[in-house]
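# Close look at the chain arrangement
Residue strings, one per chain:
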Amino acid sequence: MAGPTGRGDSLGAALNDLLRSQVTPRHRLSSYTAKHWHAQLSQLTATHRGQQALEDVGLHVRTKTLINWLSDSEYNVRRSYQDLIHTAYENTAIVPADPLPDHITRGQYEISGVVKTGDDERTRGTVDAAPLRTDGSRGHWDEIEELWLAGELTDEEFEDHFIDDVIVEDIGEGTDGWEFPGASYSVEVR
């Protein structure tokens, strides 16, 4: 039975496509676009999550002060309070990424596309050559997960780390390293 599959124009793109189909990436909520402290404060105080974010950053003011701020967008609010409001707003606007699930870090991977090691270059996952198979459970996923959680896991970074931290850890260096010079890849995890 086929497992989740990612596709892309590079190995890294296929890996990212696979991961994004399985877990939620770090992202910004589209409804958080306010620039001015007053609009940000109004939006934050309208939800429990926003109120919690204000408390978490240490904005502690009396209810009367908060009402004064909300009733007048030109109210003279100290810069330090504006900074706290902005920080709380940004903390609420960003949804953290889900951690990498076990079926990703412990799965068996089948990579189809052009694979090169030394002088051996062939298209894997065809009738002439089986997909490149690697065991994700033998890999070291810490740096990949760290980049994923920070929202900085680019296709290039994912490919580089997957080669070094997963493929090499399972299969070894290959004849002369691993390269994926093709323009179309699919990655299936089982």
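Now for a quick tour of the structure. Each chain carries its own residue numbering, running from 1 in the written order of its sequence. This being a predicted model, a pLDDT of at least 70 is required before a residue's local features are given, and a value of 80 or more before pairs of side-chain atoms are given or counted; all residues contribute to the totals for chains, interfaces and linings. With hydrogens and water excluded, all non-hydrogen atoms of the structure serve as input to the side-chain values.

### Considering the nonpolar core
The tendency in soluble globular proteins is for nonpolar side chains to be buried as a group. With 30 residues, the main nonpolar core has Y109, I111, W141, F162 and F180 as its most contacted residues. At the level of secondary structure, the elements contributing two or more residues to this core comprise helix 1 (11-22), strand 4 (108-117), helix 7 (142-149), helix 8 (155-170) and strand 7 (185-189). At six residues, the largest contribution of residues to this core is made by helix 8. Any two residues whose heavy atoms approach within 4.5 Å are treated as being in contact. Once residues lying within four places of it in the same chain are set aside, the contact partners of W141 are L100, I104, T105, Y109, G136, F158, F162 and V166. Here, the term nonpolar core denotes a set of buried Ala, Val, Leu, Ile, Met, Phe, Trp, Tyr and Cys residues that are joined through side-chain atoms within 4.5 Å. Summary of the burial criterion: residues with accessible area below 20% of their type's maximum are buried, those above 50% are exposed, and those between are partly exposed, where the area comes from a 1.4 Å probe applied to protein chains only. What counts as a helix is a DSSP run of H or I of at least four residues, what counts as a strand is a run of E of at least two, and both are numbered from the N terminus.

### Regarding the packing of helix 3 (residues 48-56) against helix 5 (residues 79-93)
Running from amino to carboxyl end, helix 3 crosses helix 5 at an angle of 130°, the nearest separation of the two axes being 8 Å. Between helix 3 and helix 5, the angle falls in the class oblique. Between helix 3 and helix 5 the crossing geometry is right-handed. The residues of helix 5 that touch helix 3, namely those facing R49, G50, A53 and L54, are I85, A88, N91 and T92. Of the residues belonging to the contact of helix 3 with helix 5, the class tally is four nonpolar, three polar and one charged. Only the contacting stretch of a helix is used when fitting its axis, a line to C-alpha atoms as for every element, and angles between N-to-C directions run 0 to 180 degrees. Orientation labels follow simple angle bins: below 35 degrees gives roughly parallel, above 145 gives roughly antiparallel, 65 to 115 gives roughly perpendicular, and whatever is left gives oblique. Crossings are assigned a handedness: left-handed for a near helix turned anticlockwise from the far helix by less than a right angle, right-handed for a clockwise turn. Under this grouping Gly is polar, as are all residues other than the nonpolar Ala, Val, Leu, Ile, Met, Phe, Trp, Tyr, Cys and Pro and the charged Asp, Glu, Lys and Arg.

### Some details on empty space enclosed by the protein
Cavities and pockets are found on a 1 Å grid laid over the protein atoms alone: a cavity is a set of points where a 1.4 Å probe fits but cannot escape, a pocket is an open set with protein on both sides within 12 Å along at least five of seven lines, and a lining residue has an atom within 4 Å of such a point. Grid points are joined across faces, edges and corners, and a volume is the space filled by probe spheres set on the points. Applying the stated rule across the entire model yields one cavity of 30 Å³ or more. The volume enclosed by the largest cavity comes to roughly 30 Å³. Lining of the largest cavity is provided by L15, L18, L19, I104, Y109, W141, F158 and F162. Among the secondary structure elements, those contributing two or more residues to the lining of the largest cavity are helix 1 and helix 8. A total of three residues in the lining of the largest cavity trace back to one element, the largest contributor, which is helix 1. Each residue belonging to the lining of the largest cavity can be placed in one class, and the counts come to eight nonpolar, no polar and no charged.

### Some thoughts on the environment of Y109
Residue placement: Y109 occurs in strand 4. Among the residues examined, Y109 registers a relative accessible area of 2% and is labelled buried. When the C-alpha atoms of Y109 and N68 are compared, they prove to be 58 Å apart, with 41 residues separating the residues in sequence. Whenever a nitrogen or oxygen atom comes within 3.5 Å of another N or O atom, the pair is scored as a polar contact, on the condition that within protein one atom can donate a hydrogen and the other can accept it, and that pairs from neighbouring residues in sequence are kept only if both atoms are in side chains. A distance of 2.6 Å separates the side chain of Y109 from the backbone oxygen of I104, its partner in a polar contact.

### Brief notes about the pattern of salt bridges
A pair is scored as a salt bridge if a Lys or Arg side-chain nitrogen falls within 4 Å of a carboxyl oxygen belonging to Asp or Glu. Under the defined criterion, the tally for this structure stands at eight salt bridges. With a shortest N-O distance of 3.6 Å, E110 and R190 are connected by a salt bridge. Placement of the pair is E110 in strand 4 and R190 in the segment after strand 7, with a sequence separation of 80 residues. For E110, a relative accessible area of 15% puts it in the buried group. Linking R190 and E188 is a salt bridge whose minimum nitrogen-to-oxygen distance equals 3.2 Å. Counted as one network, the salt bridges with shared partners bring together E110, R133, E188 and R190.

### Some remarks on helix 2 (residues 37-45)
Where helix 2 is concerned, the buried positions are W37, H38, Q40, L41, L44 and T45. Looking straight down helix 2, one finds that the buried residues subtend no more than 160° of arc, so they occupy a single side. Next to the buried residues of helix 2 lie helix 3, helix 4 (63-71) and helix 5. The directions considered for the arc run from the helix axis to the C-beta atoms.

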